[in-house]
Amino acid sequence: MILDDDDGEGVGDTVYYWRIQFIDANGIESAFSSTSTFTILDTPAMPANVTAISETTSSLQVSWGDNSSVEEGYQVSYSPDGVVFAVFGTTTANVTNTTVTGLSAGSEYYFEVLGQNIAGDGGAATSSVAYTLSQVPTGLSETDTTKTSFSVSWGANGNGDATTYCVVVNGA
């Protein structure tokens, strides 16, 4: 049996009543069975406000708003380009954050979160771009020191070309 209310939205969270009877080969009808009910569950609503905050050089804290009362959990995926996503993992119901680990330092990522239940996957919400922290530079050195200037250099330690560094000078 397929149930649909002709609007393309399905018939979720509607209670249906049913009963059964048999008719034999001679057309004799039995009494109806007692009435039973069932409810078709909607898929979860799309989460709200997916955000990611840098935690370490290899992890980001991802959080979202829970817009659903019928999710069994959330699936969290990540992508370096915002197009092709890989599943990181799932949470249980009503959990609204997780730490995604195993990421590359100084890299950009997008995150996608969707609710799941027995009826299927809800709509996915995507974050704006977030960045992992860069590695601490190595091999710090200073040269060409004069009365009014000096030169500094360091190793990138695996950080990408787009990494920005800030040199802070303290002195009297």
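See the structure above.
Residues numbered from 1 in each chain as written. Predicted model: local features only at pLDDT ≥ 70, side-chain atom pairs only at ≥ 80, totals over all residues. Heavy atoms only, no water.

Help me understand the overall build of the chain, please; the structure alone is not making it clear to me.
A count of helical and extended segments in the chain gives 0 helices and 12 strands. The secondary structure elements of the chain, listed N-terminal to C-terminal, are β-β-β-β-β-β-β-β-β-β-β-β. Computed over C-alpha atoms, the radius of gyration of the chain comes to 28 Å, more than 25% over the 16 Å expected from 2.2 N^0.38 for 172 residues, which places it beyond the range of a compact globule. Structurally, the chain occupies a C-alpha span of about 110 × 30 × 25 Å along its principal axes. Put simply, of all contacts in the chain between residues at least 6 apart along the chain, 51% involve residues at least 24 apart. (Helix = DSSP H or I, 4+ residues; strand = E, 2+ residues; numbered from the N terminus. Rg over C-alpha atoms; globule rule 2.2 N^0.38 Å. Contact = heavy atoms within 4.5 Å.)

When you look at the sheet that holds strand β4 (residues 60–65) in this model, what are you seeing that I'm missing?
What holds strands together in a sheet is hydrogen bonding between their backbones, with the strands either parallel or antiparallel. As summarised here, the arrangement of the 3 strands in space is β3-β4-β7, forming an open sheet in which the pairing is antiparallel. Both edges of this open sheet fall to β3 (48–54) and β7 (97–100), since each of them pairs with a single strand only. With direction set aside, neighbouring strand axes in the sheet form an average angle of 20°. Two elements, β3 and β4, share 5 bridges in a ladder whose sense is antiparallel. Paired with Ser-54 across the two strands is Leu-60, which belongs to β4. (Pairing = 2+ DSSP bridges. Axes fitted to C-alpha atoms, helices over the stretch in contact; angles between N-to-C directions.)

Explain the environment of Thr-56 to me, please; I cannot follow it from the model alone.
Its location among the elements puts Thr-56 in the loop between β3 and β4. For Thr-56, a relative accessible area of 32% gives the class partly exposed. Along the sequence, Thr-56 and Phe-38 sit 18 residues apart, while their C-alpha atoms lie 48 Å from each other. Residues contacting Thr-56, with those up to four places away along its chain left out, are Thr-132 and Leu-133. A polar side-chain atom of Thr-56 sits 3.0 Å from the main-chain amide nitrogen of Ser-58. A polar contact is formed between the side chain of Thr-56 and the side chain of Ser-59, at a distance of 2.8 Å. (Buried < 20%, exposed > 50% of the residue type's maximum accessible area, 1.4 Å probe, protein only. Polar contact = N/O pair within 3.5 Å; in protein donor to acceptor, adjacent residues only side chain to side chain.)

Looking at this structure, I do not really get the pairing of strand β6 (residues 86–90). What am I missing?
Each regular strand displays side chains that alternate between the two surfaces of the sheet. Pairing of strand β5 (residues 73–79) with β6, which is carried by 4 bridges, proceeds in the antiparallel orientation. The residue bridging Gln-75 from the neighbouring strand is Thr-90, located in β6.

Would you mind showing me how to read the side chain of Asn-117 here?
Here Asn-117 lies in strand β8 (residues 108–117). Of the residues examined, Asn-117 reaches a relative accessible area of 8% and is grouped as buried. One polar contact links the side chain of Asn-117 to the main-chain amide nitrogen of Ala-119, over a distance of 2.8 Å. Each residue touching Asn-117, except ones within four places of it in the same chain, is listed here: Leu-41, Asp-42, Thr-43, Pro-44, Val-70, Glu-71 and Glu-72.

Geometric values such as these leave the question of function open.
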